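# Residue-level structure breakdown
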Amino acid sequence: MSQTFVTEIDQLVQQIQSFHLEADEELIRRAYAFSAKAHEGQIRRSGEPYLQHPLAVAGILAFLRLDVTAIVAGLLHDTLEDTLATQEELEKEFGGDVARLVEGVSKIGQIPFRTYEEKQAENFRKMVLSMADDIRVVFIKLADRLHNMRTLGHLSERQKKQIAQETLEIYAPLANRLGMSWMKQELEDLCLEHLKPDAYAMLKLHVAKRDEDRQEYIQSVIRMAQEALVSAGLPGEVQGRPKHLYSIFQKMERQAISFEEVHDLAAIRIISDSKMSCYAILGLVHSLWPPVPGRFKDYVATPRTNLYQSLHTTVIGPQGEHVEFQIRTEEMHRLAEYGVASHWRYKEVGKVTERDERTFSWLRQFVEWHKDLSDNRQFMDSVKLDLFHDVVFAFTPKGEVKELPVGSTPVDFAYSIHTEIGDHCVGAKVNGKIVPLRYRLNSGDAVEILTSPSQVPHKGWLKFVRTSRAKAKIKHWLKVEEQKRGLELGRRLLEREFRRHNLPSAQTLKSSRLLQAAKESGFESIDELARMVGYGRVSAVQIVGKLLCPSPGENESGARVSTEPLSRRKPASREVKAVKVGGEKDVLMQLSKCCNPVPGDRIIGYITRGRGLTIHSLGCPNLEALDYERDRLVEVEWDSGIEGTHSVKVSVLTIDRTGVLANVSSAISGSQANISRAEIRTREDQKAALDFVIEVTNTLHLDRTLQAIERVDGVITAKRIRAWQESRQSG
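Everything in this summary refers to the structure shown in the same document. This one's a predicted model, so the numbers in the text were calculated from it and none came from an experiment.

### Brief notes about the overall build of the protein
A count of helices and strands for the protein gives 28 helices and 20 strands. Per-residue burial for the protein yields a buried fraction of 51% across its 731 residues. Partitioning the contacts of the protein with sequence separation of at least 6, the portion at a separation of at least 24 is 65%. Working note: accessible area of the protein is about 36,300 Å², and carbon and sulfur atoms make up 49% of it.

So this is what it looks like as structure tokens:
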């Protein structure tokens, strides 16, 4: 698909008027003049005036046949970010639509971030969310990225690779999901050029050389197909289509084959007038050459999510070579090249009309599924999952087609129908047979979801569901339930503490004084306060301390209360004394048994359901399993003012000889560490494994003890062992 590169404003106006005779030429030229003045004196890395970039972006948008508003916004897209122009100026000069589009692109990337990945995630999040307001923002951003990739050669190697990798992971798949295959292919080839320059150069050379040899073969196949169409009286134009370099590279990598082993470097495309003709032409092609089994795909009956439609078949052509055919109508071809942009009909604002409702259903779902993901890493993982997947097509009992990523399960299918069906899914019938919820669906499966009002989502479902929608809905349900349990537990803890101080629990729980105490603690309501008590972030003892009336010994209703200092009261439950949460010590918590942290370890708190905080060491593998609940992690620190001992397991490997055990025990005692348990095992290789549980005050004390052990004659190694390490070794 050829594109004329726009380098002058007259070229741009001429290109727009070729498909939009009534385009506002004066508005376009005024936007060009505004952009020229705003960018005056700015030079690109290539040495050319910066104005060439917005002009090229506008040219790409014109090539996509977008409306004048979008093209004008393309001319102005960098003015807010890179010049002194303001949104108010743009709105005054060019109207609200143009100003909103420019702002929608410009606001991406103006906040400082700690890492490039974090910035990438936040920038892309803003673009995704802006799709809900106006899809043209995405077209402008893609055009901007395409021209930047075309002119990437003037940046440093590090910058080129960074931008190319981001483009390959995000923008090329996005172009594909929007149906713009030519843009996706060009972006992928440009990425390959900068990420794998040697492979790119090799492929370019080999493809050019083979094209010379194969041109006659391809032309002969085209002539044979065209003659067969004429003889059969079927309308159709036959074209040759070379494969783009990145797809060849992918095939070589995926199948571990050399370039010489790649046979289908070109495809034949036949464009006809109707669906009926397409199926007739398919039969004609199969009558000329035998089809390759398993290589036929009907995207006409079941279009891809990006609305792509075509019949694909691979046949054994002349001389026994595989030849791929794509058969489609003119309308299908236009959609395959321009994507959803070809369906766009603008009125006043870039909103989806009712007529285009089905066309943009995927885009609306895409925005809806991702807008509530607050964690940047989780957001990017979810987006990439939805952009990159291969698909299967499954059917509802009524025959409705559901497109899902490969590996999807009945639970994914259930959530794709409705959240309620997903939440209450207890099983499924696939092609009439009961299957487990973990069953992986295949294309063509007829799926019937079985539900029960008593069924609720399980945390275990997250281990096998594939779609971001299912994951988001399950996590949301778990979070809501956790909040309910936290609220219930918090109320019970508060009521128990109220009773200990002779406060009427029911009345106090609804009192204005408790609300005031909640607001003093930074919470908007009593329920929010109770939930934090249930989570273990706030202690019920602290709250009662704030409720003690100014008049010593009396509460709001005149009842006597305990005046014993809070510090002397017995905690409501067993707590870790050596850890503080936000400077507070009086919070329900416990040390994790999987990593068993001791003072000196870097730690973090995790809010459990009903047991307050569990303290983990940073780096504990079990925290990875809690990644989807990162909002339940709490910053904590050791309290240096609290002294005490902590149990640590130590494993010592020694030579198996008399006296070593006694000397190791002596070294531990000499380091002022107490042995609370010991286990000795001899091995066939004349070595002994000594496992101790010792009491130490902190990591420095532990290190000194380990060093003392290692100095003992006969000791090979001495190291700290955590529970998760033992489980891995035993596994």
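Now, onward.
### Description of the sheet that holds strand β14 (residues 613-617)
Strand pairing in a sheet takes place through backbone hydrogen bonds and is either antiparallel or parallel in direction. Pairing is mixed in the open sheet, where four strands are placed in the order β12-β14-β13-β15. Pairing within the sheet leaves two strands with one partner each, and these edge strands are β12 (589-591) and β15 (633-634). The pairing of β12 with β14 spans three bridges and is classified as parallel. Directly across from L591, in β14, lies its bridge partner I615.

### Here's the deal with the side chain of D445
Take D445: it is sitting in the loop between β9 (433-435) and β10 (447-451). It is K433 that comes nearest to the buried, bridge-free D445 among opposite-charge side chains, at 11 Å. A polar atom in the side chain of D445 sits 3.1 Å from the side chain of N431. Each residue touching D445, except ones within four places of it in the same chain, is listed here: F393, A394, F395, V430, N431 and Y439.

### A short note on the pattern of salt bridges
Any two side chains of opposite charge can pair, given that their charged atoms come close. Summed over the entire model, instances satisfying the criterion amount to 22 salt bridges. One salt bridge in this structure joins R30 and E93, with 3.7 Å as the shortest N-O distance. In this pair, R30 sits in helix α2 (residues 25-38) while E93 sits in helix α6 (residues 87-94), placing the two residues 63 residues apart along the sequence. By sharing partners, the salt bridges in this structure join D10, E25 and R29 into a single network.

### Focus: the nonpolar core
Counting 74 residues, the largest nonpolar core has L12, I28, V72, L76, F94, L142 and M183 as its most contacted members. Of all the elements, helix α9 (residues 136-150) adds the most residues to this core, at eight residues. V72 has contacts with L27, I28, A31, F94 and V98, leaving out every residue within four places of it along the chain. In terms of nonpolar packing, the next biggest core, distinct from the first, is built from 31 residues, L489, L493, I607 and L613 among them.

### Considerations on the side chain of S247
Note that S247 resides in helix α13 (residues 245-255). Within polar-contact distance, the side chain of S247 engages the backbone oxygen of H244 at 2.7 Å.

### Comments concerning the packing of aromatic side chains
Under the definition given, this model contains five aromatic pairs. Ring plane angle 90 degrees and centroid distance 5.5 Å describe the contact between F34 and F94, whose orientation is recorded as edge-to-face. Here F94 lies in helix α6 and F34 lies in helix α2, a separation of 60 residues in the sequence. Of the residues examined, F34 reaches a relative accessible area of 17% and is grouped as buried. Between the aromatic rings of Y299 and Y308, the centroid separation amounts to 6.0 Å while the plane-to-plane angle is 70 degrees, which identifies the pairing as edge-to-face. Overall, Y299 belongs to the buried group, its relative accessible area being 9%. Residue classification places Y308 among the buried positions, given a relative accessible area of 11%.

### Description of α13
Turning to α13, its buried residues are L245, Y246, S247, I248, F249, K251 and M252. Among the residues trailing α13, A256 stands out with phi positive, at a value near 55 degrees.

### Some remarks on the sheet that holds β10
Ordered in space as β9-β8-β10, the three strands form an open sheet in which the pairing is antiparallel. Of all the strands in the sheet, just β9 and β10 have a single pairing partner and so form its edges. Neighbour-to-neighbour, the strand axes of this sheet turn through a mean angle of 35 degrees, independent of strand direction. Along the sheet, helix α18 (residues 410-417) makes contact with β8 (425-430), β9 and β10, crossing β10 at roughly 85 degrees.

### Focus: the pairing of strand β4 (residues 311-316)
The buried fraction of β4 amounts to five of the six residues, a majority that puts the element mostly inside the structure. By the bridge criterion, two bridges tie strand β3 (residues 297-298) to β4 in an arrangement that is antiparallel. Pairing of K297 across the sheet is with H312, part of β4. Looking at chain direction, β4 and strand β5 (residues 322-329) are connected through six bridges and run antiparallel. Its bridge partner lying in β5, H312 is registered against Q326. Count of turn residues in the β4/β5 antiparallel hairpin: five residues, of which Q319 carries a positive phi of about 65 degrees.

### Quick notes on the environment of G59
For G59, the location among the structural elements is in helix α3 (residues 52-63). Put simply, G59 and Q11 are 48 residues apart on the chain and 8.6 Å apart in space, counted from C-alpha to C-alpha.

### Looking at the environment of R145
Within the secondary structure layout, R145 lies in helix α9. On the accessibility criterion, R145 (10% relative accessible area) is buried. For the pair R145 and I163, spaced 18 residues apart in sequence, the C-alpha to C-alpha distance is 9.3 Å. Not counting residues up to four positions away in its chain, the partners in contact with R145 are I163, E166, T167, Y171 and L187. One polar contact links R145 to E166, side chain to side chain, over a distance of 2.6 Å.

Criteria and thresholds
Residues numbered from 1 in each chain as written. Predicted model: local features only at pLDDT ≥ 70, side-chain atom pairs only at ≥ 80, totals over all residues. Heavy atoms only, no water. Helix = DSSP H or I, 4+ residues; strand = E, 2+ residues; numbered from the N terminus. Buried < 20%, exposed > 50% of the residue type's maximum accessible area, 1.4 Å probe, protein only. Contact = heavy atoms within 4.5 Å. Areas by Shrake-Rupley, 256 points an atom, 1.4 Å probe, with all protein chains shown as cover. Pairing = 2+ DSSP bridges. Lys, Arg positive; Asp, Glu negative; His and termini not counted. Salt bridge = Lys/Arg side-chain N within 4 Å of Asp/Glu carboxyl O. Polar contact = N/O pair within 3.5 Å; in protein donor to acceptor, adjacent residues only side chain to side chain. Core = buried A, V, L, I, M, F, W, Y, C linked by side-chain atoms within 4.5 Å. Phe/Tyr/Trp six-rings, centres within 6.5 Å; stacked < 30°, edge-to-face > 60°. Axes fitted to C-alpha atoms, helices over the stretch in contact; angles between N-to-C directions.

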